[in-house]
Amino acid sequence: MKTASFLQRAIMGAAICVSLASGATAAAADKLKIVFPTSSATLALPYLVAQKKGWLDAEAIQVSGDSNAVRALLAGTGDVAIVGAFNAFAAAGEGAKFKAIGSWQGVNDYELIVATDIGGMKEIEGKIFAGTGPGGPPEEFSKLLFRKNGVDISRIRFIAVSGGHANIVQALLAGRASAGMVNTISAVTGVRTGKVKILVSMAAAYPQIGYVYNLVRDDRIDDPALKPKLQQLTTAGIKASRYIMDHPDEAVQILVQRYPELDPALAADVVQELNRNKVWGMDGGISKEQVDATLDIFKSTGMLKADVDPNRLFDYRFIDAALKELGGK
């Protein structure tokens, strides 16, 4: 049977999950509705900071995966959807009508993790790498790193691990693999066991690769009732990104208040690592140069098949207005 396209999966996707925001009432009807594709605590951090500081009045809706985030946006369930760069390009290439207006996490936060006995990239040759399968960002981004560092990819055995990044870490801890690529919170969790270390971050090696974009439907972006909220979102995202960098201890407190199951020491290590890698959208999270570089990399790896016109997909008006008010940093 023919595999459904990304956009088809988005339209046919499963039902929307429960809102991230607790205690939502009818009073939330007028709030900006932001769709998150994951429960990842770190991706929500700028949103949480902006809400806590009173810079943003919005309601968060959590769905499972980028395809359902696109679906929620196209169906009108949400006003804005936070969608991974690759999936945003894929859906746009298949005809989805939306604009990317900014990003509060503009840079990929993936980390290449290895067993502690591996001293460098070349030592991964002859070993097993755990990812999510061919075409998935962990495997494809790792191959970029390997090629850049002269690693013979044909000498690496790639295996697919189901269940997300935490299970990739578990594969390393169990000795099933010697290397993998995961997000920062999973990487730091592994490091704290003493059996895994971070060899290199994607942010350091490829800071030009975009991570997530804030998407708005074409037919709503100039809605007089929505437009001020989109501007508030963009400005608040920039302010929150800068605040996380300037006040990491308070950012950790806000994160732990929202996710009390998070160990505070782990949260502090994660925020420190994210700040070190400069992943936040300090100036809106997207630029024309970054967009072009991201598209080039996705095309060169074969991950993205469709042709996407970045001039049609990206709208910088809200970032420009925010930076006029706040100044660049």
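If you're wondering where the values come from, they're calculated on a predicted model, not measured in any experiment.

(A) How the structure looks around the environment of Q231. With respect to the helices and strands, Q231 occurs in helix α9 (residues 227-246). What makes Q231 partly exposed here is its relative accessible area of 21%. Linking Q231 and L262, residues 31 residues apart in sequence, is a C-alpha distance of 32 Å. Dropping the residues within four chain positions of it, Q231 is found in contact with R317, F318, A321 and A322.

(B) Seen up close, the pattern of salt bridges. Across all of its chains, the model carries 18 salt bridges by this definition. Of the charged contacts, one joins R317 and D222 as a salt bridge, the two residues approaching to 3.0 Å between their closest N and O atoms. Placement of the pair is R317 in helix α14 (residues 317-326) and D222 in the loop between β10 (212-217) and α9, with a sequence separation of 95 residues. Owing to a relative accessible area of 38%, R317 belongs among the partly exposed residues under this scheme.

(C) Local environment of the pairing of strand β2 (residues 58-62). For β2, the buried fraction is high: four of the five residues fall into the buried class. In this fold, the crossover linking strand β1 (residues 32-36) to β2 by way of helix α2 (residues 45-53) has right-handed handedness.

(D) A look at the sheet that holds strand β6 (residues 128-131). If you walk across this open sheet you meet the five strands as β7-β6-β8-β5-β9, and the pairing is mixed. The sheet terminates laterally at β7 (157-160) and β9 (196-201), the two strands that pair on one side only. With strand direction ignored, the average angle separating the axes of adjacent strands in the sheet is 30 degrees. Here β6 runs beside strand β8 (residues 179-182); their pairing, made up of two bridges, is parallel. Bridged to F129 within β8 is A179. Contacts from helix α6 (residues 165-173) reach β5 (111-115), β6, β8 and β9 within the one sheet, and its direction differs from that of β8 by about 160 degrees.

(E) Representation of the confidence of the model for the chain in the model. The predicted model of the chain averages 88 in pLDDT, with 91% of residues at 70 or higher. By mean pLDDT, helix α1 (residues 6-12) is the weakest element of the chain at 36, and α9 is the strongest at 98. Contacts for the low-pLDDT stretch residues 1-28, under 50 throughout, to residues beyond four places or in other chains number 54 contacts.

(F) View of the sheet that holds β10. Read from one edge to the other, the open sheet built from five strands follows the order β2-β1-β3-β10-β4, with strand pairing classed as mixed. In this open sheet, the two strands that pair with only one neighbour each are β2 and β4 (98-102). Taking the axes of each pair of neighbouring strands and ignoring which way they run, one obtains an average angle of 35 degrees across the sheet. Relative to β10, strand β3 (residues 80-84) is paired through four bridges, and the arrangement is antiparallel.

(G) View of α14. Listed as buried for α14 are F318, I319 and A322. End-on view of α14: buried residues confined to an arc of 95 degrees, all on one side of the axis. In the core, the buried residues of α14 are packed alongside β4 and α9. Following α14 by one or two positions, G327 adopts a phi angle in the positive range, close to 85 degrees.

(H) A look at the nonpolar core. Counting 99 residues, the largest nonpolar core has I34, F89 and Y213 as its most contacted members. Non-local contacts of I34, meaning those with residues more than four positions away in its chain, are made with Y47, L56, A58, E59, A60, I61, V80, I82, W104 and L233. The next biggest cluster of nonpolar side chains, apart from the first, holds twelve residues, and it includes I113, I159, L172 and V196.

(I) Molecular detail of the environment of I185. Along the polypeptide, I185 turns up in helix α7 (residues 184-191). With a relative accessible area of 19%, I185 lands in the buried category. Measuring from C-alpha to C-alpha, the distance between I185 and K278 comes to 15 Å, with 93 residues separating the pair along the chain. Apart from the residues within four sequence positions on either side, I185 is in contact with T42, L262 and V270.

About the criteria used
The numbering scheme is per chain: residues are counted from 1 as the chain's sequence reads. Whole-chain, interface and lining totals are the exception, using all residues; otherwise, since this is a predicted model, local features are given only for residues with pLDDT of at least 70 and side-chain atom pairs are given and counted only at 80 or more. Side-chain metrics rest on all non-hydrogen atoms present in the structure, leaving aside hydrogens and water. Numbering goes from the N terminus for both helices and strands, where a helix is a DSSP run of H or I of at least four residues and a strand is a run of E of at least two. Between buried and exposed lies partly exposed: a residue is buried under 20% and exposed over 50% of the maximum accessible area for its type, with that area taken using a 1.4 Å probe on protein chains only. By definition in these notes, contact holds between two residues if any of their heavy atoms fall within 4.5 Å. We define a salt bridge as a side-chain nitrogen of Lys or Arg found within 4 Å of a carboxyl oxygen belonging to Asp or Glu. Handedness of a crossover is defined as follows: orient the strands so they point away from the viewer, and if the path from the first strand over the helix to the second runs clockwise, the crossover is right-handed. Two strands qualify as a pair provided that DSSP identifies no fewer than 2 bridges between them. Structural elements are reduced to axes, namely lines fitted to C-alpha atoms, with helices fitted over the stretch in contact, and the angle between N-to-C directions of any two is expressed from 0 to 180 degrees. The predictor's confidence in any single residue is recorded as pLDDT, a number from 0 to 100. The directions considered for the arc run from the helix axis to the C-beta atoms. By nonpolar core we mean a set of buried residues, namely Ala, Val, Leu, Ile, Met, Phe, Trp, Tyr and Cys, connected to one another through side-chain atoms within 4.5 Å.

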